[in-house]
Amino acid sequence: MPLSATEYHSLTRIAIQAARQGGAILLDYAKKGFQVHQKDQAINLVTEADLRSEEAVIQTIRQAFPEHQILSEEQGLQDIPSHPVKWIVDPLDGTTNFTHGFPMYNVSIGVEYEDTCVLGVVYDPTRDELFLGQQGKGATLNGTPIHVSATPQLNEALLVTGFAYDVHTAKDNNLKEFCAFTLRARGMRRTGTAAIDLCYIACGRFDGFWELQLNPWDTAAGKVILEEAGGNLTDYAGEPYSIYGTTLIATNGHIHQEMAEVLQKCRQE
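Calculation notes
Residues numbered from 1 in each chain as written. Predicted model: local features only at pLDDT ≥ 70, side-chain atom pairs only at ≥ 80, totals over all residues. Heavy atoms only, no water. Pairing = 2+ DSSP bridges. Helix = DSSP H or I, 4+ residues; strand = E, 2+ residues; numbered from the N terminus. Axes fitted to C-alpha atoms, helices over the stretch in contact; angles between N-to-C directions. Parallel < 35°, antiparallel > 145°, perpendicular 65-115°, else oblique. Left-handed = near helix turned anticlockwise from the far one by under 90°. Contact = heavy atoms within 4.5 Å. Nonpolar A, V, L, I, M, F, W, Y, C, P; charged D, E, K, R; others polar.

*Asks:* Explanation requested: the pairing of strand 11 (residues 158-161) in the structure shown.
*Replies:* Successive side chains on a regular strand alternate, one facing one side of the sheet and the next facing the other. By the bridge criterion, three bridges tie strand 11 to strand 12 (residues 187-189) in an arrangement that is parallel. Looking across to strand 12, one finds that leucine 158 is bridged to glycine 187. One ladder, built from three bridges, connects strand 11 with strand 13 (residues 208-212); its direction is parallel. Along strand 13, the bridge assignment pairs valine 160 with phenylalanine 209.

*Asks:* I'm lost on the packing of helix 1 (residues 5-32) against helix 2 (residues 48-64) in this one. Help?
*Replies:* Angle between the axes and distance between the axes are the two parameters that describe a pair of packed helices. Remark: helix 1 packs on helix 2, axes separated minimally by 9 Å, with the N-to-C direction vectors making an angle of 160°. Viewed along their axes, helix 1 and helix 2 adopt a mutual orientation that is roughly antiparallel. Relative to helix 2, the crossing made by helix 1 is right-handed. Across the interface between the two elements, Ile14, Gln17, Ala18, Gln21, Gly22, Ile25, Leu26 and Tyr29 of helix 1 pack against Glu48, Ala49, Arg52, Ser53, Ala56, Val57, Thr60, Ile61 and Ala64 of helix 2. Classifying every residue of the contact of helix 1 with helix 2 gives ten nonpolar, five polar and two charged.

Take a look at the structure:
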C-alpha cells in the first residue's frame with residue numbers, strides 16, 4: 001500500500017525539522033569547541049557534535065514515529081521490529097571538514113518506504129541551504145525548484161569525487177580514476193561530503209560525481225534529491241544504483257556514458 005499524501009507530508013515535515021535541529025547543534029559546537037575521537041583509522045573521526053546531532057535527530061523522529069526503523073551512522077540500526085518505513089541518518093556528513101573548521105558539512109536524512117528511497121533532506125547549516133527531494137514531486141533548494149545542468153560533454157564538465165577512509169592502504173583507492181578524469185574534465189573538486197556532492201549536481205553546481213565504498217547514510221537523501229532534479233545514478237557497471245552498493249556514478253545524465261567509459265577503462269588497465 002503506498003504512502004498517503006498525509007503520511008508523506010508528515011514524513012517531510014519531521015525530516016526538515018530534524019535536519020534543522022541537527023544543523024543548529026553543529027553550528028553551536030563549531031562556535032564553542034568540541035572533542036575529536038578517532039574511530040578505526042586516523043582519518044575516520046567522530047566528535048561530540050556528531051553524537052549530539054544524532055541524538056536530536058533520532059529523538060525528533062522517534063517522538064513522531066516511534067514504530068519506524070532508524071539506521072544512523074553512529075548508532076547503527078535501531079533494535080525494533082521491522083517496519084516498511086526506515087529513516088537513514090547521517091548527523092554530520094563531512095566530519096573531517098567540521099573538525100578543521102572548513103565550512104562544508106551537513107545533516108543528511110533519507111527515508112525508505114518498502115526498500116525504496118522516497119524522501120531526502122540535506123541541510124547545510126553554514127549556508128542555511130536546505131535541499132529537499134520528494135519522490136514524484138521534484139527537488140527544491142530552500143523551496144525553489146532545482147534541476148541538473150545542461151552540460152553536454154565531459155570536457156566541459158566540473159566533476160567532484162571523494163576517497164574512502166582506507167585510501168592510504170587500499171589498492172583500489174580511486175587515485176587512478178582521479179588522474180584520468182583530471183585530464184578529461186574541465187575541472188575537478190573534492191568537498192569531503194557525498195551528500196553535498198549529490199545536491200550540487202541536482203542544482204547544477206557540479207555535473208558529475210563518482211566514488212567507492214559509500215555507506216547508505218551518505219547517499220540515501222541525495223539519491224532522491226538528484227533523481228527528482230533530473231539526474232542519473234548507477235553503479236560502475238551501469239546498473240541502477242543501490243544505497244547499499246559499493247560504487248556510484250551520479251551525473252546530469254548527459255555525461256553519464258562518458259564517465260562510465262572512463263571508469264571502465266581505468267579498472268581494466
